[in-house]
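# A look at the structure
For reference, the chains in residue letters:
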Amino acid sequence: MITLSSRRLMLYPLSIKDKDFFVSLFTDRDVMKYIGTVHNADSAENKLLEFLRDCNEKKRYLWLVKKKRSQVSIGIIGLSCDSQRWNLGAMFKKDVVGFGFGPEAMNSVISAGFDVLKINTIYGVIMDEHIASQKAAKGVGFEYYSSLDDGTSLWAVKSNRVV
């Protein structure tokens, strides 16, 4: 997996050495509010091991997001493939939300998905009540695709996007 960069960020392939940061995000109730189940430390560690296995099998690509200058870890972003589609997902520390790091990291991953992995369409599942994520998704070229039955919506961005 390749290292990605943007103006303010470096995105490094996630590894086992990132366990403490990964666990800190997955056990944080505020971070997980619009993502899914809050984990305890053991469950989060198991989730990391599962995700890293998926990375080895090329079913998932995950990056640790760091500020370029300080090299401080601020989030995790990735692409995962289920049987039907490639999905983009991201989570960031609470204290960096609202500064544009999410869209900046998403643009890097979306570009790699199209240019390197040769994906034609990337999807994202966003909770209907999470307006900030919907705005961020629109800002990087995602468009509403369909409503799902669980209070979420499917969004899509195609390789010919205009941002």
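In this report, we go over the structure that sits alongside the text. Fair warning: this is a prediction, and the values are worked out from it, not measured in the lab. (Residues numbered from 1 in each chain as written. Predicted model: local features only at pLDDT ≥ 70, side-chain atom pairs only at ≥ 80, totals over all residues. Heavy atoms only, no water.)

Now for the packing of aromatic side chains. Under the definition given, this model contains six aromatic pairs. Relative to tyrosine 145, the ring of tyrosine 123 has its centre 5.4 Å away and its plane inclined at 75°; by these criteria the two rings are edge-to-face. Of this pair, tyrosine 123 sits in strand E6 (residues 121–127) while tyrosine 145 sits in strand E7 (residues 143–147); the two residues are 22 residues apart in sequence, bridging distant segments of the chain. Using a relative accessible area of 49% as the deciding quantity, one classes tyrosine 145 as partly exposed. Of note, arginine 60 hangs over the ring of phenylalanine 51, and the distance from its end group to the ring centre comes to 3.9 Å. (Phe/Tyr/Trp six-rings, centres within 6.5 Å; stacked < 30°, edge-to-face > 60°. Helix = DSSP H or I, 4+ residues; strand = E, 2+ residues; numbered from the N terminus. Buried < 20%, exposed > 50% of the residue type's maximum accessible area, 1.4 Å probe, protein only. Lys NZ or Arg CZ within 6 Å of the ring centre and 35° of its normal.)

Looking down a regular strand, the side chains alternate between one sheet face and the other. When E7 meets strand E8 (residues 152–158), the two strands line up antiparallel, connected through four bridges. Note on E8: the bridge partner recorded for serine 146 is leucine 154. Counting the residues between successive antiparallel strands, the hairpin from E7 to E8 contains four residues, one of them, glycine 151, with a positive phi of roughly 80°. (Pairing = 2+ DSSP bridges.)

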